[in-house]
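Below, each chain spelled out in residue letters.
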Amino acid sequence: MRVSITYIIVDSMAMAETMRYKLSIAGDYFPDHPCPPDSTSPTMTQATWIRSIGWSLTIFVLARWFSYYRRAPKVLAVGFWPVPYLGSWVAAIKFMLWPVDMVKEGIKKSKNGIFRIATLNDEFVLVTTKDKVAEYLKASDSVLSMQDGANDQQQIPFTMGFGVAYRTYHNIVVRKKITPSIPAFTPIMVDEISAALTQEIGTPQDYKPITFYRAIAMTVARTSNRVYVGKSLATHEAYLQNATDYAQAVVVSAEILRLVPHWLKSTVVKFLPVTTCMKKAVAYLGPQVEERLSRKDSNRNREDDLLQWLLDEAPPIEKTVYQLVERVMALNVASIHTTTMTFTAAIYSLALEPEKYMDTLRDEVINSLEDGKISFGSIQKLVHVDSFLRESARYNVAGLMAMQRNAKQSFTFSDGTVIPAGAKVGAPTLILQRDASSYENPQDFEGFRFVSTRDGQPELSKSMVTTGTDYHLYGHGRHPCPGRFFATHEMKILFATLLLRYDFKLKSGAKPQEIRIGTMAIPDTTLEVLFKAVPSLKTATKLTA
Ligand code: HEM
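Residues numbered from 1 in each chain as written. Predicted model: local features only at pLDDT ≥ 70, side-chain atom pairs only at ≥ 80, totals over all residues. Heavy atoms only, no water.

Colleague: Even after reading the chapter, I still don't get the coordination of the iron atom of the ligand, so can you show me in this structure?
Modeller: Ideal donor angles around a metal are set by the shape: a four-donor tetrahedron calls for 109.5 degrees, a six-donor octahedron for 90 or 180 degrees. When only protein atoms are considered, the iron atom of the ligand has one donor, C481 (SG), at a distance of 2.3 Å. Assignment of secondary structure puts C481 in the loop between β11 (457-460) and α22 (484-501). (Donors = N, O, S within 2.8 Å, 3.2 Å for Na, K, Ca; no water. Helix = DSSP H or I, 4+ residues; strand = E, 2+ residues; numbered from the N terminus.)

This is the structure in structure tokens:
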């Protein structure tokens, strides 16, 4: 609807232009009836002209509004005024100011937990009960499409490329290649994390403030890219910075593109930050892709990394330097900030209450080490660390719109509620992850909530990678994140390494700020965490450094 306002302006200008043209040729066709003298004719013509435009515009707006009204889902609309167009804008402004209150109002007023909200970008149907979330997530992609939802949300065809949006062979590569290779990749992931932390934090003898989000973003970028494209680029500072910036550029560029009419997007995107980042990525990564594409014998000196697997799996139309660079960058978008946000939130929670959790977590890591080292096997033993990460994701990583699906055809819930084609559906994580029917004391942070005991041994009731209608970090249903095993493993190595090497806490009185923009919950990216190297753990430190 927001965009349709733009259309109206553009369309009405076109209409005015057409009328002006028609009026001018009318004069040419009727030379015997020339226009009246200047004193009267321009005024008359202008008045008629303005009246015609007025009528056309009114009819046009009413027709658009009628068609919008006919297509709008017939569910409770929260915060809307009953005035064409303006009503939705009012709801969007209210949502911008009080997003959580608006969702709570919807839950209170709607009979079945389904209602409509408006944001500055669009309108969404929010589904707030677990059974109904399960229902819509079961729908096939031809009815409620995940890819259309992602393409729309991140404007993928324009920001990351047409191929990434519509030829999603990378999903298979992540599932069938990256996940099974995690055990083999563990030693190099441990090495990269250790080296990156030495670079980002060092070994301070007294508490030193570190802007933690940035430090972790660079560490995650380095570790992931070691697996994606190999050693040389994984230690190339400018490449890593660009990969990190690219993900942010996609978010910013998508916000702008959503306000632009479809036909103008491919022009506008050329002037957005995402295009600058892609150009740099081609400069850094292009030569390596080109070299691999030009190999006569593709089986000789094969690298075992993401780039090679993408090359193997790509359909012929995708086997170009530019498109392969696009694909690697898209997977950087999928991994860097998602992992950084999730991990940062967990460490903020630990740094808020180190006395409550630090010893148990650290003891668990030390006791898990194999030959004094972090290994694939040792990471599998980290039950408390896993629970802490999951609880942090439940408690901290909670926006108001997850698992967006766009209706390609109309979808009917079991209670008869219809989601018409064209509507966008999602679930508010903040509500479902703090639902008392799923969690005891849902408003409290309980780091070891998911640890239970069997035969005196701690075990997980639910692990970090187990998705659900009440736990949305990695989505749920037909499209859970295929990278969740890799991301979780990476975060656990990071966690273990930090615990072995440092004591950390927040400055006295400091607290992470919770930022909400529209439906998104954004972590505090500027908060400083105080770090001090732990001398008593020298043995373990040496083994991981
Ligand atoms: C903590 C880190 C991560 C988080 C929080 C995360 C979260 C998500 C979410 C919420 C979805 C969409 C699920 C839905 O709509 O139902 C998703 C999809 C996806 N993620 Fe992740 N992700 C993470 C890391 C990764 C990594 C490391 C990779 C790649 C190696 C990856 C690759 C993908 C892909 C390819 C999809 C699309 C799946 C499909 O189309 O079926 N993700 N992720």
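From this point, the narrative continues.
Colleague: Could you clarify how one ought to interpret the site of the ligand in this entry?
Modeller: Taken together, 22 residues are adjacent to the ligand, and N171, Y228, R405, H479 and C481 come closest. Between the ligand and N171 there is a distance of 3.0 Å, counted from an oxygen atom to a side-chain nitrogen or oxygen. Within the side chain of R405, an N or O atom sits 2.8 Å from an oxygen atom of the ligand. Residue contributions to the shell around the ligand peak at five residues, all from helix α17 (residues 321-352). (Near = heavy atom within 4 Å. Polar contact = N/O pair within 3.5 Å; in protein donor to acceptor, adjacent residues only side chain to side chain.)

Colleague: So what exactly am I meant to see when it comes to the pattern of salt bridges here?
Modeller: It is possible for side chains of opposite charge to pair when their charged atoms get near one another. Inspection of every chain in the model, using the stated rule, returns 25 salt bridges. In this structure, R116 engages E123 in a salt bridge whose closest nitrogen and oxygen atoms are separated by 2.9 Å. Here R116 and E123 have matching classes, each one buried. A salt bridge links E318 to R327; the shortest N-O distance between them is 3.2 Å. (Salt bridge = Lys/Arg side-chain N within 4 Å of Asp/Glu carboxyl O. Buried < 20%, exposed > 50% of the residue type's maximum accessible area, 1.4 Å probe, protein only.)

Colleague: Would you mind showing me how to read the environment of G149 here?
Modeller: Assignment of secondary structure puts G149 in helix α6 (residues 146-154). Sequence separation between G149 and Q404 is 255 residues; the distance between their C-alpha atoms is 5.4 Å. With sequence-adjacent residues up to four places away left out, G149 is seen in contact with Q404 and N406. (Contact = heavy atoms within 4.5 Å.)

Colleague: Could you clarify how one ought to interpret the confidence of the model for the chain in this entry?
Modeller: Fine structural detail should not be taken from predicted coordinates in areas where pLDDT scores are low. Per-chain confidence: the chain averages 89 in pLDDT, with 89% of residues scoring 70 or above. pLDDT under 50 marks residues 538-545. Its contacts with residues more than four places away, or in other chains, come to 16 contacts. (pLDDT = per-residue confidence, 0-100.)

Colleague: Would you mind showing me how to read a nonpolar patch on the surface here?
Modeller: Together, I93, M96, L97, W98 and L120 give the surface a local cluster of nonpolar side chains, amounting to about 480 Å² of exposed area. Here L97 is to be found in helix α3 (residues 86-97). (Patch = residues over 30% accessible without salt bridge, like charges linked within 9 Å, V, L, I, M, F, W, Y side chains within 5 Å. Areas by Shrake-Rupley, 256 points an atom, 1.4 Å probe, with all protein chains shown as cover.)

Colleague: Before we go on, may I ask you to explain the packing of aromatic side chains in this structure?
Modeller: The relative placement of two aromatic rings is captured by the distance of their centres and the angle of their planes. Counted under the stated rule, the structure contains 18 aromatic pairs. On the numbers, 6.1 Å between centres and 80° between planes, the contact of Y357 with F445 is edge-to-face. With Y357 in helix α18 (residues 354-368) and F445 in the loop between α21 (429-432) and β10 (451-454), this pair connects stretches of sequence that are 88 residues apart. Seen in terms of ring centroids, Y357 and F448 are 5.1 Å apart; in terms of plane orientation they differ by 90°. Their pairing is edge-to-face. (Phe/Tyr/Trp six-rings, centres within 6.5 Å; stacked < 30°, edge-to-face > 60°.)

Colleague: Any chance you could explain the sheet that holds strand β9 (residues 424-427) here in plain terms?
Modeller: Note: strands within a sheet are paired through backbone hydrogen bonds, in either parallel or antiparallel orientation. In space, the six strands of this open sheet follow the order β1-β2-β3-β9-β6-β4, with mixed pairing throughout. Across the chains shown, the open sheet's two edge strands, defined by having one partner strand only, are β1 (76-77) and β4 (144-145). Pairing of strand β6 (residues 402-407) with β9 involves three bridges; the strand directions are antiparallel. Directly across from R405, in β9, lies its bridge partner V425. Lying over the sheet, α3 contacts β2 (114-118) and β3 (123-127), oriented at roughly 90° with respect to β2. Along the sheet, α6 makes contact with β4, β6 and β9, crossing β6 at roughly 105°. (Pairing = 2+ DSSP bridges. Axes fitted to C-alpha atoms, helices over the stretch in contact; angles between N-to-C directions.)

Colleague: Just to check I follow, could you spell out the UniProt feature "transmembrane region" (unreviewed entry) in the chain for this structure?
Modeller: Here the UniProt feature "transmembrane region" (unreviewed entry) sits at residues 48-66 and 78-98. Along residues 78-98, the helical share is 57% and the strand share 0%, with 12 Å between the first and last C-alpha atoms. (UniProt positions renumbered as here; feature names shortened; annotations may be inferred.)

Colleague: Teacher, can you tell me more about the side chain of K265 here?
Modeller: Note that K265 resides in helix α14 (residues 262-268). If we skip the residues at most four places from it in the chain, K265 touches Q155, F158, L257, R258 and V260.

Colleague: For this particular structure, what's the right way to read unusual backbone geometry?
Modeller: Leaving glycine out, the prevailing phi sign among residues is negative, and the prevailing peptide bond configuration is trans. The backbone of Q155 shows a phi angle near 50°, a positive value even though the residue is not glycine. With respect to the helices and strands, Q155 occurs in the loop between α6 and α7 (156-159). In this structure, M403 is a non-glycine residue whose phi angle is positive, near 50°. You can see M403 is positioned in strand β6.

Colleague: I tried to follow the nonpolar core on my own but got confused; where do I start?
Modeller: A general trend in soluble globular proteins is that nonpolar side chains are found buried together. Counting residues in each nonpolar core, the largest one holds 99 residues, and the members touching the most others are F343, F495, L498 and F504. When residues of this core are assigned to their parent elements, the largest contribution, 14 residues, is made by α17. Leaving out residues up to four positions away in the same chain, L498 has contacts with L197, I201, F212, F343, I347, F504 and F531. If you look at the next biggest cluster of nonpolar residues, it comprises 20 residues, including V127, Y136, L137 and V143. (Core = buried A, V, L, I, M, F, W, Y, C linked by side-chain atoms within 4.5 Å.)

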